Amino acid sequence: MADNSRTIMTDAGFTLEAQLRANKTNMQFTRASISTKNYFEVDDEVLAKLSTLDDVQQDGQVTEVQVVDDSTVHVQVNVDQTQSPNDYQMLSAGLYAKDSDGNEILYGVTALQDPVFVHKDDAGSYLGFGIDTKVGRAANVTIVVNPANMVTKQVFDTAMQNYYTKAEMDAKLQDLDDYAGLSEANNFEKQQTFSQGAVDGAGNAYITAPDAQKQADAAQVAANKHTDDAVAPMVKSADTSSWQKNKITNDNGAAVLSIMADGKTDTNSVLLGLNPGVYSTYIQYGAINFPGKSSARGLVIATGGGFGNGTFFTNRDDKYYGYTFVMDGDVIKWKRLSDDSVPSGLNLVYNSRYTNNAAGWNMLSGTGYLSTVPSSMQNGHPGFGVNISGKSTIDTTMFGSSKPMPVPSTSVDSVANAYSIRAEALLYADSAVEAKIIATMAFLDSSGNRVGYKENYVDQSHKDVFVPITAENYPLPAGATQVQVQYYAYGSHVHGVVIEPMIVCGPVAPSYTPDTIGEAEVAPLLQGALHDGADLNNEKTAGSYSNSTTWIKNGPFKDATYVGWDVTVSNGGRVIHQHAYRQSGESAYRTFWDGAGWGEWQITTPSRFALDANTLHRNPATGEVVEKLYAPGGITLANGHVLNISNTDGLTIDGKPLFIKVADETTAKSNSNTDKLHYYYTEES
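Quick notes on the rules
Residues numbered from 1 in each chain as written. Predicted model: local features only at pLDDT ≥ 70, side-chain atom pairs only at ≥ 80, totals over all residues. Heavy atoms only, no water. Salt bridge = Lys/Arg side-chain N within 4 Å of Asp/Glu carboxyl O. Helix = DSSP H or I, 4+ residues; strand = E, 2+ residues; numbered from the N terminus. Buried < 20%, exposed > 50% of the residue type's maximum accessible area, 1.4 Å probe, protein only. Pairing = 2+ DSSP bridges. 1 Å grid on protein atoms, 1.4 Å probe; cavity = no way out; pocket = protein on both sides within 12 Å on 5 of 7 lines; lining within 4 Å. Points joined across faces, edges and corners; volume = space filled by probe spheres on them. Nonpolar A, V, L, I, M, F, W, Y, C, P; charged D, E, K, R; others polar. pLDDT = per-residue confidence, 0-100. Contact = heavy atoms within 4.5 Å. Patch = residues over 30% accessible without salt bridge, like charges linked within 9 Å, V, L, I, M, F, W, Y side chains within 5 Å. Areas by Shrake-Rupley, 256 points an atom, 1.4 Å probe, with all protein chains shown as cover. Axes fitted to C-alpha atoms, helices over the stretch in contact; angles between N-to-C directions. Polar contact = N/O pair within 3.5 Å; in protein donor to acceptor, adjacent residues only side chain to side chain. Phe/Tyr/Trp six-rings, centres within 6.5 Å; stacked < 30°, edge-to-face > 60°. Lys NZ or Arg CZ within 6 Å of the ring centre and 35° of its normal. Arc of directions from axis to C-beta.

K.L.:
Quick one: what's the story with the pattern of salt bridges, residue by residue and with numbers?
P.N.:
All told, the structure shown has 10 salt bridges when counted by the stated rule. Across the pair R21 and E17 runs a salt bridge whose closest N-O atoms are separated by 2.8 Å. Remark: E17 and R21 occur in helix 1 (residues 11-21); sequence separation between them is four residues, near one turn of the helix. By relative accessible area, E17 is classed as buried at 10%. For R574, the salt bridge is made with D594, and the minimal N-O distance between the two is 3.2 Å. With a gap of 20 residues between them, R574 in the loop between strand 25 (563-570) and strand 26 (575-582) and D594 in the loop between strand 27 (587-593) and strand 28 (597-598) connect regions that are remote in the sequence.

K.L.:
Outline the sheet that holds strand 34 (residues 650-653), listing residues and values.
P.N.:
Ordered in space as 32-33-34-35, the four strands form an open sheet in which the pairing is antiparallel. Strands with a single pairing partner mark the edges of an open sheet, and in this sheet they are strand 32 (635-636) and strand 35 (656-657). In this structure, strand 32 lies alongside strand 33 (residues 642-646), joined through two bridges in antiparallel fashion. Bridge assignment links T636 to a residue of strand 33, and that residue is V642.

K.L.:
Help me get a handle on the layout of surface pockets, residues and values and all.
P.N.:
Space inside the largest pocket adds up to approximately 1,200 Å³. Of all the elements in the fold, those that place two or more residues in the lining of the largest pocket are helix 7 (355-358), strand 16 (396-401), strand 22 (482-490), strand 27 and strand 28. For the lining of the largest pocket, the element with the highest residue contribution is strand 22, accounting for three residues. Of the residues belonging to the lining of the largest pocket, the class tally is 14 nonpolar, 21 polar and five charged.

K.L.:
Please set out the pairing of strand 5 (residues 88-99) residue by residue, giving values where relevant.
P.N.:
Within strand 5, 10 of the 12 residues are buried, which leaves it mostly tucked inside the rest of the structure. Pairing of strand 2 (residues 27-35) with strand 5 involves eight bridges; the strand directions are antiparallel. Within strand 5, the position partnered with F29 by the bridge is A97. With antiparallel pairing between neighbouring strands as the criterion, strand 5 and strand 6 (residues 104-118) make up a hairpin whose turn holds four residues, including G102 at a positive phi of roughly 90°.

K.L.:
So what about unusual backbone geometry? Which residues, and what values?
P.N.:
Positioned with a positive phi, N289 is a non-glycine residue whose angle comes to about 70°. Relative accessible area serves as the criterion here: at 44%, N289 is assigned to the partly exposed category. With phi around 50°, N351 is a residue other than glycine that occupies positive phi space.

K.L.:
Before we move on, could you go through the confidence of the model for the protein and cite the residues and values that matter?
P.N.:
On average, the protein scores 80 in pLDDT, and the residues at 70 or more come to 80%. The weakest mean pLDDT in the protein belongs to strand 30 (residues 616-618) at 47; the strongest belongs to strand 19 (residues 436-444) at 97. Below pLDDT 50 for its whole length, residues 339-343 participates in 10 contacts with residues either more than four positions away or in separate chains. Of the regions scoring below 50 in pLDDT, residues 523-528 engages in 11 contacts with residues more than four places distant in sequence or in other chains.

K.L.:
Go over a nonpolar patch on the surface, please, and point to the residues and values.
P.N.:
Taken together, the side chains of I248, V278, L299 and I301 define a hydrophobic patch exposed on the protein surface, amounting to about 310 Å² of accessible area. Structurally, I301 can be placed in strand 10 (residues 296-302).

K.L.:
Describe the sheet that holds strand 8 (residues 257-259), listing the residues and the values that go with them.
P.N.:
Across the sheet, six strands lie side by side as 8-9-10-11-12-13; this open sheet has mixed pairing. A strand with exactly one partner marks an edge of an open sheet, and here the two such strands are strand 8 and strand 13 (331-336). Sheet twist, expressed as the average angle between the axes of neighbouring strands with direction ignored, equals 20°.

K.L.:
Could you give me a rundown of the side chain of Q484, with the residues and numbers involved?
P.N.:
Assignment of secondary structure puts Q484 in strand 22. The exposure class of Q484 is buried, given its relative accessible area of 9%. Within polar-contact distance, the side chain of Q484 engages the side chain of Q486 at 2.8 Å. With sequence-adjacent residues up to four places away left out, Q484 is seen in contact with S401, S402, K403, P404, T440, M441, A442, L444 and I503.

K.L.:
Can you tell me about the packing of aromatic side chains, naming the residues and giving the values?
P.N.:
Going through the model one piece at a time under the given rule, you end up with 18 aromatic pairs. Through successive ring pairs, a cluster of aromatic residues spans F290, F312, Y323, F325 and W334. Taking the ring centre of Y39 as reference, the NZ or CZ of K37 above it sits at 5.7 Å.

K.L.:
Pulling in residues and values, what's your account of the environment of K49?
P.N.:
Relative to the helices and strands, K49 is located in the loop between helix 2 (44-48) and strand 3 (56-69). The exposure class of K49 is exposed, given its relative accessible area of 63%. When the C-alpha atoms of K49 and D11 are compared, they prove to be 6.1 Å apart, with 38 residues separating the residues in sequence. Side-chain polar atoms of K49 contact the side chain of D11, separated by 3.1 Å.

K.L.:
With reference to specific residues and values, describe helix 1.
P.N.:
Taken residue by residue, helix 1 has G13, L16, E17 and L20 as its buried positions. On an axial view of helix 1, the arc spanned by its buried residues comes to 105°, and they lie on one face. On the buried face of helix 1, the contacting elements are strand 1 (5-9), strand 2, strand 5 and strand 6. N23, located one to two residues past helix 1, shows a positive phi value of around 55°.

K.L.:
Give a description of the pairing of strand 11 (residues 307-314) that names residues and reports values.
P.N.:
Of the two faces of strand 11, the one lined by G308, G310, F312 and T314 is fully buried and the one lined by F307, N309, T311 and F313 carries no buried residue. Here strand 10 runs beside strand 11; their pairing, made up of seven bridges, is antiparallel. By the bridge assignment for strand 11, G298 is matched with F312. What sits between the antiparallel neighbours strand 10 and strand 11 is a turn of four residues, in which G304 has the positive phi angle 90°. Two elements, strand 11 and strand 12 (residues 322-328), share seven bridges in a ladder whose sense is antiparallel. Across the sheet, residue G308 finds its bridge partner in strand 12, namely M327.

Okay, here's the thing in structure tokens:
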């Protein structure tokens, strides 16, 4: 091997060598394993312990063993390159030997400092190298020559005809400095001529300087055909004067404007400060003053000076998918475009067509009325009218209100839970010049108190014609649970009507649609005295009514058909009386006080079916009527004793608990002998 290698005998080799020295065995070198692992820096002690090499690529054949002296042999190894798995770098070789019993061991390890390249070659080439190693007695080493690696003289001479002798090579290489290296950088001191032309590694031809200049000149002439000068851009500046200079998106398609949720960037301030142009925009969820519930992407059109608009659509996890805004000077107004939190367009005005004499509506003791004059009607529906006079020019008079309806959601959200009102109003020309008819969307808490409102009006600028009144995008006030329409007349003399009121949960008020809840409740009621299916809690209009086939609700009787009732109104509509009766003669009455609600039904003519808070009780779930004993002072028994029930003592007789605890048995026995109505006991008993 080369001088930059070292050969280490293994422990197993030393053992075999000792046997050789003792003439106890013979040894034969069998093969050499060729490895790509670098053992050159490995300690001798580690190498001596090896029994095999790592990363072995193939085995080399031992073709010759020559005795150098009594303790040294030269082993020749050939590596058949046709058997190489691929090209590799040989860095170590393991020499194997076996004793006379046929036991093979790793005898020695040869480690190279510099690798030897082994090329896979199917042409029959091989790589040969020698290893000098120590043995105990060279005479005991079996000499083997492999005939497969021998060649005949004829073959050898034929092969050598293709090679120069050393003298021939010396003659040819004496002027080596004048040769150019194919894989090296060369310095040509004289001009070189390439008769076949020069090409690059891909076969593309190089051109000469004159040819290159000609091509460049031709390209420049073509390029400058529409330019201002020889080195100008490809178009003339004058041609770009009307071109759009600002990008709508970045070159990669991303938004040119990003508003991030960094806790300090205000969405509205950024939008108001934009220069004129169109901006593709990304707004991250949580950015200040952005109403969306997730991040959004859209377009913004800015005209400068705080004017413009934009439309955005949020990600799928936001239940409100579309938002738009309008810049108005230094103010931005956001609106939601779509909403799936509440039924879109649901009219929340109870009995909005005033069916059945405006059932569910309060006409304020006749201040309001239903008008069936053709000019006051629309689509066959009566108008809710007012005709007042004698007021001051600044008086506001309420003339009607609808039954409060629960809002779909009580969450306070300026975008997701905003409401709008729409109605049509007609103000007759005989009204005072200052007159107005006002439609108000009033929000009430659970006690009926108004906690917020939004309203609009029609005035004398529109006379004798129905005009839409709208008030839109009013957020639900905190504490509001109900909503209703309220009508007001403003001025000294007001004459007009309101029709088709509508309240919706949404940023805009659409065209009129009837309410589905209130109309369904009053739909079975017929015009006139027959009110089948009526809810007596809503029967507040003076008159006489009855039912025949459909049971009434909240009446005094279990058997709720063929019932009649009279309604009277007093004290300016603040007190309403109901008197209900049956054909068999049973009757009851109750009273409604404004602010207190309906009182209990009181019996006037006894009947098993009358609902009297003091004598009878009806199960709301089943309608079953049972007798209920009412004796707030107790029940007087024989001999004047009073039986009663106490919240603290339970059942009592003569005001004392039925069971009485005393201190000792003597007292218990004594009291029991004198008081037979009570039971006396002690802690122990």
